[in-house]
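Single-letter residue listing:
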Amino acid sequence: MTQSGPSLREARRSGSLTARVIAEIAIASIGGALLACAVAANQRWLDRHFLPSFFLPRQWYVAIETLVRLAMAALGVALALFARLRIGRFAARAPARTLQIAIAAGLALGASELALRAAHLRATEWLVHDEEPRRRPDPRLGWTFEPARTGHNTIAGRVLEYAFDSAGYRVRRVDEPVDPERPTILFTGESVMFGEGLTWEESVPAQVGAMMGTQSANLAVHGFGTDQAYLRLQMELARFRRPVAVVSLFMTALFGRNLDEDRPHLGPGLVWLKPEQGSRLASIARLVVPYRSDDAIERGIAVTRDVFRATADLAHARGVTPLVVVPQFGREEQAERTLRRRIFDDLGVSHVLVEIDAAWRLPWDRHPNARAARAIAAAIAARLREH
């Protein structure tokens, strides 16, 4: 009995010291990792793993990346040199409480993951249910527009009308559907080709149709990746008795969508794949920090090239002209130029780069305004006349 008191105190001191050492090592390791990442993530590395953004000008996201690097470095130094000691002393005084905090944090993450799995989440490019133009689920494409309806949206102070015929194509009026018996130029893509923020007459397909004196069919759907646009063309092209041309759209600022796997998508060899059901917390983290690995980017480039080849093959099988339009707002940065060339060089698919004034965008929006849409339409019409 005479040794139980000192032995107990010694055990407690030993346990406190162990807890302090473990806590300090853990915090120092986290701080060191943050500092190392801030140093290693130079602009060249960032440009390789964070793709061009449609919604942010390059100077903005470069500034954000720089601020994040500085914040990571400052936090890493603070953790390694200052917080490490304070947290270590706390762990030494209250090892049980420290363990409880760690367990609670782990349980909170687990509960959050379970809660998110119970909730119905949409794909990254379709987060708002009632957004106009309204969409509906589609088992093969992910989503399409609700057909045979007219929706309204206010953009830049204008009330815009989005009308769709029974096939889900954007039209001037619901009662003026696309006629599949007439000669038709088909347009595939996403919100830029659809004409987000523009009247029907201002949209690229409508303007090309007017310039060429030919009916246009606007198959574009908000949020689509290149593979989804191809899949819709594959489903719809057979409906048209006299197709004239197939026009697709590609922008380096939208290439990241081609890497999304939280929706139906095409993998290598253009194999159709179901949406991947990974960690919900990880999905949110990727949405906030859109890091892309080298393997994911290489795979995305390969699939995108295959999609454009397959699109051209579909068009050639019907004896019509395939064309990819590549709008570029402002000066093309080196990262954008490299990505564009890696996709189109030696591809053998006709494409036209359209350089547009960076200011030709909708107010409070990054989509093309009517002037930009006309420049895109004029370039398309000029190239189609050559064939």
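Residues numbered from 1 in each chain as written. Predicted model: local features only at pLDDT ≥ 70, side-chain atom pairs only at ≥ 80, totals over all residues. Heavy atoms only, no water.

Asks: Help me out: how do you make sense of the overall build of the protein in this one?
Replies: Scanning the protein from N- to C-terminus turns up 11 helices and 12 strands. Along the first, second and third principal axes, the C-alpha set of the protein runs to 105 × 45 × 40 Å. Within the protein, the fraction of its 387 residues that count as buried is 44%. When the accessible surface of the protein is summed, it comes to about 20000 Å², and 58% of that surface belongs to carbon and sulfur atoms. Averaging the coordinates of the 50 positive side-chain charges in the protein and doing the same for the 41 negative ones gives two points 7 Å apart. (Helix = DSSP H or I, 4+ residues; strand = E, 2+ residues; numbered from the N terminus. Buried < 20%, exposed > 50% of the residue type's maximum accessible area, 1.4 Å probe, protein only. Areas by Shrake-Rupley, 256 points an atom, 1.4 Å probe, with all protein chains shown as cover. Lys, Arg positive; Asp, Glu negative; His and termini not counted. Charge placed at Lys NZ, Arg CZ, Asp CG, Glu CD.)

Asks: Looking at this structure, I do not really get the side chain of His 222. What am I missing?
Replies: With respect to the helices, strands and loops of the structure, His 222 is situated in the loop between strand 7 (215–218) and helix 7 (226–236). With near-sequence residues (within four places) excluded, His 222 lies in contact with Pro 133, Arg 135, Trp 143, Phe 145, Glu 190, Ser 191, Phe 194 and Glu 196. (Contact = heavy atoms within 4.5 Å.)

Asks: Is there a simple way to think about the packing of aromatic side chains in this case?
Replies: Two measures describe an aromatic ring pair: the distance that separates the ring centres and the angle between the ring planes. Inspection of the entire model under this criterion finds 13 aromatic pairs. When the centroid spacing of 5.8 Å and the interplanar angle of 20 degrees are considered together, the rings of Trp 45 and Tyr 291 count as stacked. With Trp 45 in helix 2 (residues 43–49) and Tyr 291 in the loop between helix 8 (280–288) and helix 9 (294–317), the pair connects residues that are 246 residues apart, well separated along the chain. For Trp 45, a relative accessible area of 29% puts it in the partly exposed group. What makes Tyr 291 partly exposed here is its relative accessible area of 37%. With a centroid separation of 6.0 Å and an interplanar angle of 85 degrees, the aromatic rings of Phe 250 and Phe 308 are classed as edge-to-face. Of this pair, Phe 250 sits in the loop between strand 8 (242–249) and strand 9 (265–267) while Phe 308 sits in helix 9, placing them 58 residues apart in sequence. In this pair, the class of Phe 250 matches that of Phe 308, namely buried. Looking at Arg 170, its charged tip hangs above the ring of Phe 194, at a distance of 4.8 Å from the centre. The aromatic ring of Phe 240 is capped on one face by Arg 239, whose charged end is 5.9 Å from the ring centroid. (Phe/Tyr/Trp six-rings, centres within 6.5 Å; stacked < 30°, edge-to-face > 60°. Lys NZ or Arg CZ within 6 Å of the ring centre and 35° of its normal.)

Asks: Could you clarify how one ought to interpret a nonpolar patch on the surface in this entry?
Replies: Taken together, Leu 35, Val 39, Val 77, Leu 81 and Phe 82 make up a surface patch of nonpolar side chains, about 460 Å² in accessible area. At the level of elements, helix 1 (4–40) and helix 3 (58–93) are the ones that each hand at least two residues to the nonpolar patch. A per-element tally of the nonpolar patch places helix 3 first, with three residues. Structurally, the position occupied by Val 39 is in helix 1. (Patch = residues over 30% accessible without salt bridge, like charges linked within 9 Å, V, L, I, M, F, W, Y side chains within 5 Å. Salt bridge = Lys/Arg side-chain N within 4 Å of Asp/Glu carboxyl O.)

Asks: Which parts of the structure should I look at to understand helix 7?
Replies: Residues three or four positions apart in an α-helix share a direction because the helix packs 3.6 residues into each turn. In terms of burial, helix 7 is largely enclosed, as nine of its 11 residues are buried. Along helix 7, the residues that are buried comprise Thr 226, Asp 227, Gln 228, Ala 229, Tyr 230, Leu 231, Arg 232, Leu 233 and Glu 236. Residues of helix 7 that are buried sit in contact with strand 2 (142–145), strand 6 (183–187), strand 8, strand 9, strand 10 (271–273) and helix 9.

Asks: Is there a simple way to explain the side chain of Thr 226 in this structure?
Replies: You can see Thr 226 is positioned in helix 7. Thr 226 sits in the buried class, given a relative accessible area of 11%. With residues near it in sequence (within four places) discarded, Thr 226 still touches Phe 250, Asn 258, Thr 304, Val 307 and Phe 308.

Asks: Would you explain the nonpolar core in this entry?
Replies: A general feature of soluble globular proteins is that nonpolar side chains tend to end up buried together. With 47 residues, the main nonpolar core has Met 193, Val 204, Val 208, Val 247, Val 325, Ile 380 and Leu 384 as its most contacted residues. In terms of residue count, helix 11 (residues 370–385) provides more of this core than any other element does, seven residues in total. Counting 16 residues, the second-largest nonpolar core is a separate cluster that includes Phe 255, Ile 297, Ile 343 and Phe 344. (Core = buried A, V, L, I, M, F, W, Y, C linked by side-chain atoms within 4.5 Å.)

Asks: Would you explain the pattern of salt bridges in this entry?
Replies: Proximity of charged atoms lets side chains of opposite charge pair with each other. Under the defined criterion, the tally for this structure stands at 24 salt bridges. Across the pair Glu 176 and Arg 172 runs a salt bridge, and its minimum N-O distance is 3.3 Å. For Arg 172, a relative accessible area of 37% puts it in the partly exposed group. Arg 340 is the salt-bridge partner of Glu 332, the closest N and O atoms lying 2.7 Å from each other. On the basis of relative accessible area, Arg 340 is assigned to the buried category, the value being 13%. Ionic contacts of the salt-bridge type, sharing partners, join the residues Arg 172, Arg 173, Asp 175, Glu 176 and Glu 201 into one network.

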